[in-house]
Amino acid sequence: MRRYSFHKGHGTENDFIILDDSYGLHDMQPELIAHLCDRRAGVGADGVLRVIRAGQIGCWDGDPQLWFMDYYNADGSIAEMCGNGLRVFARHLINEQLVTSGSFDVATRAGVKHVEIGHQGLISVGVGRVTLLDEPVQVTADGRTWNARKVSVGNPHAVAFVDDGVLDDLPLHEAPAWEPASAFPDGVNVEFVHVDGPGRLGMRVYERGVGETRSCGTGVVASAAAYRAASGHEGPVQVHVPGGDLEVTFDGDEATLTGPAVIIGRGELWL
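In the annotation of an unreviewed UniProt entry, the protein is listed under the name Diaminopimelate epimerase and assigned to Tessaracoccus palaemonis.

Listed below in structure tokens is the structure:
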């Protein structure tokens, strides 16, 4: 039997298990991740954030002393980036005094991301460059098909804009399909978006390796970027997801995501 200490947190109800592992002692097998995230047999979460020094990650060739957000989806698969997870990761670093200021960098598989701790529980994270691709893509859910915009936020997204009334009623208990299949060989996060007004969006998301979640930070950024490209909107974009509200701002193609992040508790798990 092995004992794991953990924290639990969420960003707009996108929830994560946090494992402190400075020296890389945990064996992060997919079966372990899936068990931890199981909402009946484990702790329950949309993913796992391992807190580890970047120098312990074999593929990392940057500053070895940076904290690295080693992120895993609920099914045990590795994800390149997670906007909500990054804010929760940052909140944990602050709470545990693992960083000494409210302005710092975090290493991720999508590169180094900058964090600014704001007021009233808000955290801003530099998500980085957003790339909109012109390859035609369609997504299908509930027997209905929409044209979608292919977007990269360090991880893959397909953003589909839907009519009024569709967003609330769309069943997302099954994974959407996409065409062509070659567009996303490693899977994709699919966002369904409704324009609620100038600079205001509503969004639901089906995350690869997880299912429908209450929020997806990079999905919010992808949706805001697709809306900006289609509408010409230049100011901040407010995005409402089932778990709360987030804001995206752009400096050229570089996006910053702002929203809350809280740690709700800690505990121990025996396996």
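Let us keep going from here.
Asks: Before we move on, could you go through the pattern of salt bridges and cite the residues and values that matter?
Replies: Overall, the coordinates contain 15 salt bridges when judged by the stated rule. Taking the shortest distance from any N to any O, the salt bridge between Lys 150 and Glu 135 comes out at 2.7 Å. Here Glu 135 lies in strand β8 (residues 131-141) and Lys 150 lies in strand β9 (residues 144-152), a separation of 15 residues in the sequence. Of the residues examined, Glu 135 reaches a relative accessible area of 31% and is grouped as partly exposed. Where salt bridges share partners, they join Lys 8, Asp 15, Arg 39 and Asp 46 into one cluster.

Asks: Any chance you could break down the side chain of Thr 218 for me, citing the residues and the numbers?
Replies: In this structure, Thr 218 sits in helix α4 (residues 217-231). Ignoring any residue separated from it by four or fewer positions in sequence, one finds Thr 218 in contact with Met 81, Cys 82, Gly 83, Val 153, Asn 155 and His 157.

Asks: With reference to specific residues and values, describe the pairing of strand β2 (residues 14-20).
Replies: For β2, the tally of buried residues reaches six of seven residues, placing the bulk of the element in the interior. Sheet analysis places strand β1 (residues 3-11) next to β2, joined by five bridges and oriented antiparallel. For His 7, the partnering residue across the bridge sits in β2 and is Ile 18. Following β1, the chain reverses through two residues before pairing antiparallel with β2; Thr 12 in that reversal takes a positive phi of roughly 45°. Here β2 pairs with strand β3 (residues 47-53) via five bridges, running parallel. Paired with Ile 17 across the strands is Val 48, a residue of β3.

Asks: Hey, could you go over the pairing of strand β10 (residues 156-161) for me, with residue numbers and the actual values?
Replies: Across the six residues of β10, five count as buried, placing the element largely inside the fold. Here β9 runs beside β10; their pairing, made up of four bridges, is antiparallel. Counterpart to Arg 149 in the pairing with β10 is Val 159. Taking the residues between adjacent antiparallel strands as the criterion, β9 and β10 are bridged by three residues, where Gly 154 takes a positive phi near 85°. The sheet contact formed by β10 and strand β12 (residues 189-197) spans five bridges and is parallel. Note on β12: the bridge partner recorded for His 157 is Asn 189.

Definitions and limits used
Residues numbered from 1 in each chain as written. Predicted model: local features only at pLDDT ≥ 70, side-chain atom pairs only at ≥ 80, totals over all residues. Heavy atoms only, no water. Salt bridge = Lys/Arg side-chain N within 4 Å of Asp/Glu carboxyl O. Helix = DSSP H or I, 4+ residues; strand = E, 2+ residues; numbered from the N terminus. Buried < 20%, exposed > 50% of the residue type's maximum accessible area, 1.4 Å probe, protein only. Contact = heavy atoms within 4.5 Å. Pairing = 2+ DSSP bridges.

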